[in-house]
Amino acid sequence: MTRDDELRLHAYLDGELGATESVEFERRLADDAQLRQGLAELRTIGERIRGQARYHECPPRLRDQVLARVRREQPRRRERFVWWWSSLAATASLTALAAWFAPALIQQAAGWEPRVDQVLDDHLGAQLGAHWVDVASSDRHTVKPWLSSRLGFSPAVPDLSDQGFELIGGRVDVLDARPVATLVYQRRQHMISVFVWPGGAGVARGATERRGYHMIRFAAAGFSYWIVSDLNENELRDLARLLSSPS
Amino acid sequence: MDERGRRFEQLVVPHLGAAFNFARWLTRNDHDAQDIVQDAALRALRFLDGLRGEEARPWLLGIVRNTTWSWLRTNRPSELTARDDDEEPQIPAPSSDEPENSAIRRAEARLLNEAITALPPPLREVIVLRELEDLAYRQIAQIAGIPIGTVMSRLARARRLLSQSVKVIEAAADRQGAR
């Protein structure tokens, strides 16, 4: 069984395949005894884990202790709150971020760089789950505000349809514990993930190939980019050029 | 108690059980898990204004996860230095005195729990979040701060390891039954 098929089995069982992928996968299951056996084994272990893994009960005392500490915290709250916000205001780009990410972000150092395998994994995850976008729109005036309202930064979302790259939409991803904007373009049958985050001074342009996917790293206009796709490298370089040139 | 305290009781307190179970699985002991839940709860109180629209349980579990990871980094760095996709972790073998038939079920459950405990933390956390908390890949990705593709490959690896250990247990039980 290929690695992709193995991951698809898990995603299918977990109800995480897209609707089209699901139908397609069921068709393959009907024809493939090895896949069916894999599915049966997975079902067994899944039931075993859910049935037998221990759910550790919260000691009642802990609930009381937490509530007691929260009550003690109340009078000092305003003071702490002011301190917290003023420290945040110092790093203005952080203030607009959702609290989801606030605990992780405060620990972030400058010059952050996601690992290459995380970038590729994210693209592959979107592909297997057929979940390319959180906001589906070919209108950049829809995608851009959607992203900036969730991220606290506002990446350029150029319309490149005249150049043969159709905008499909955008999503918010987490790479190495940090949120990034992901623009999704399509050329012919190839989907392209464009990961964008602020920063990137001094980043050298580079390209690499992993597991048959081309990846290009560059920076432009104060943003860092990774582009990932199974599209050929030349056309992907064209996209990188288009994204780097001021529109 | 002011407005924020009331919100905390409404939104956060119902999920302290999930917070404790998650921290307990990651730290593998009651005492440390309790300390972590207390710290995480205070951080949740501080960040409470930011909780809008998202579900409170995955949101709280994200805070518990970050708190636990900092704690592990300080107190048990060795557990985190082993790269999770390098060598296979040791699966506990069934004890040599084979269980009585009537006790096999209990023994199975015990060994399965030991096998989960033996997983490295990055694999253990995705299993707990998926199988015990029933969270979607997307929520797990946000909590653990990893891409969905990594959630998928870690889940697959964790289940493969647990499946192997279950087979070992079953083989032992079959031998018992055949006698």
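Residues numbered from 1 in each chain as written. Chains lettered and ligands numbered in written order. Predicted model: local features only at pLDDT ≥ 70, side-chain atom pairs only at ≥ 80, totals over all residues.

S.K.: Just checking my understanding: could you explain the interface of chain A and chain B for this structure?
M.R.: Where interface size is given, it is often the accessible area lost as the parts come together that is meant. Contacts between chain A and chain B engage 49 residues on the former and 54 residues on the latter. Looking at the side of chain A that touches chain B, the elements with two or more residues in it are helix 1 (3–13), helix 3 (33–52), helix 4 (60–73), helix 5 (77–89), helix 7 (102–106), helix 8 (116–128) and strand 2 (166–175) of chain A. It is helix 4 of chain A that provides the largest number of residues to the side of chain A that touches chain B, a total of 8 residues. A class-by-class count of the residues in the side of chain A that touches chain B yields 25 nonpolar, 8 polar and 16 charged. (Contact = placed C-beta atoms within 7 Å. Helix = DSSP H or I, 4+ residues; strand = E, 2+ residues; numbered from the N terminus. Nonpolar A, V, L, I, M, F, W, Y, C, P; charged D, E, K, R; others polar.)

S.K.: What should I look at first to understand unusual backbone geometry in this one?
M.R.: For residues that are not glycine, phi is negative in most cases, and the peptide bond is trans in most cases. Unusually for a residue other than glycine, Arg-211 of chain A sits at a positive phi of about 45 degrees. In this structure, Arg-211 of chain A sits in the loop between strand 5 (206–210) and strand 6 (213–220). The backbone of Asp-134 of chain B shows a phi angle near 55 degrees, a positive value even though the residue is not glycine. Turning to its location among the elements, Asp-134 of chain B is positioned in the loop between helix 7 (121–132) and helix 8 (137–144). Under the C-beta neighbour-count criterion, Asp-134 of chain B is labelled exposed, with 10 such atoms within 10 Å. (Buried ≥ 20, exposed ≤ 12 C-beta atoms within 10 Å, placed from the backbone.)

S.K.: Just to check I follow, could you spell out the environment of Phe-47 of chain B for this structure?
M.R.: Mapped onto the secondary structure, Phe-47 of chain B falls in the loop between helix 3 (30–46) and helix 4 (56–75). As a C-alpha pair, Phe-47 of chain B and Ile-63 of chain B span 16 residues in sequence and 9.5 Å in three-dimensional space.

S.K.: Any chance you could explain helix 2 (residues 19–31) of chain A here in plain terms?
M.R.: Because an α-helix completes one turn every 3.6 residues, residues spaced three or four positions apart along the sequence face the same direction. Taking 1.5 Å of rise per residue, 13 residues should cover 18 Å, and helix 2 of chain A covers 19 Å from first to last C-alpha, within 8% of that figure. Among the 13 residues in helix 2 of chain A, 1 count as buried, and that is only a small part of the element. (Expected span 1.5 Å × (residues − 1).)

S.K.: Would you mind going over the packing of helix 4 of chain A against helix 3 of chain B with me for this structure?
M.R.: Here helix 4 of chain A crosses helix 3 of chain B at 35 degrees, and the two axes come no closer than 10 Å. In the packing of helix 4 of chain A onto helix 3 of chain B, the handedness of the crossing is right-handed. Residue-level inspection shows Leu-62, Gln-65, Val-66, Arg-69, Val-70 and Glu-73 of chain A of helix 4 of chain A in contact with helix 3 of chain B, the latter providing Gln-34, Val-37, Gln-38, Ala-41, Leu-42 and Leu-45 of chain B. A class-by-class count of the residues in the contact of helix 4 of chain A with helix 3 of chain B yields 7 nonpolar, 3 polar and 2 charged. (Axes fitted to C-alpha atoms, helices over the stretch in contact; angles between N-to-C directions. Left-handed = near helix turned anticlockwise from the far one by under 90°.)

S.K.: Would you take a moment to explain the packing of helix 1 of chain A against helix 3 of chain A for this structure?
M.R.: For any two helices packed against each other, one specifies the crossing angle of their axes together with the interaxial distance. All names here are of chain A. At a closest axis distance of 10 Å, the pairing of helix 1 and helix 3 adopts a crossing angle of 50 degrees. Comparing the axis directions of helix 1 and helix 3 gives the class oblique. Here helix 1 and helix 3 pass one another in a crossing that is right-handed. Across the interface between the two elements, Asp-5, Leu-9, His-10 and Leu-13 of helix 1 pack against Leu-35, Gly-38, Leu-39, Leu-42, Arg-43 and Gly-46 of helix 3. Counted by class, the contact of helix 1 with helix 3 contains 5 nonpolar, 3 polar and 2 charged residues. (Parallel < 35°, antiparallel > 145°, perpendicular 65-115°, else oblique.)

S.K.: Honestly, helix 8 of chain A in this entry has me stumped. Any pointers?
M.R.: All names here are of chain A. The end-to-end C-alpha distance of helix 8 is 18 Å, a good match for the 18 Å that 13 residues give at a rise of 1.5 Å each. Along helix 8, 11 of the 13 residues are buried, which leaves the element largely enclosed by surrounding structure. Of all the positions in helix 8, only Gln-118, Val-119, Leu-120, Asp-121, Asp-122, His-123, Leu-124, Gly-125, Ala-126, Gln-127 and Leu-128 are classed as buried. Positive phi shows up at Ala-130, right after helix 8, with a value of about 50 degrees.

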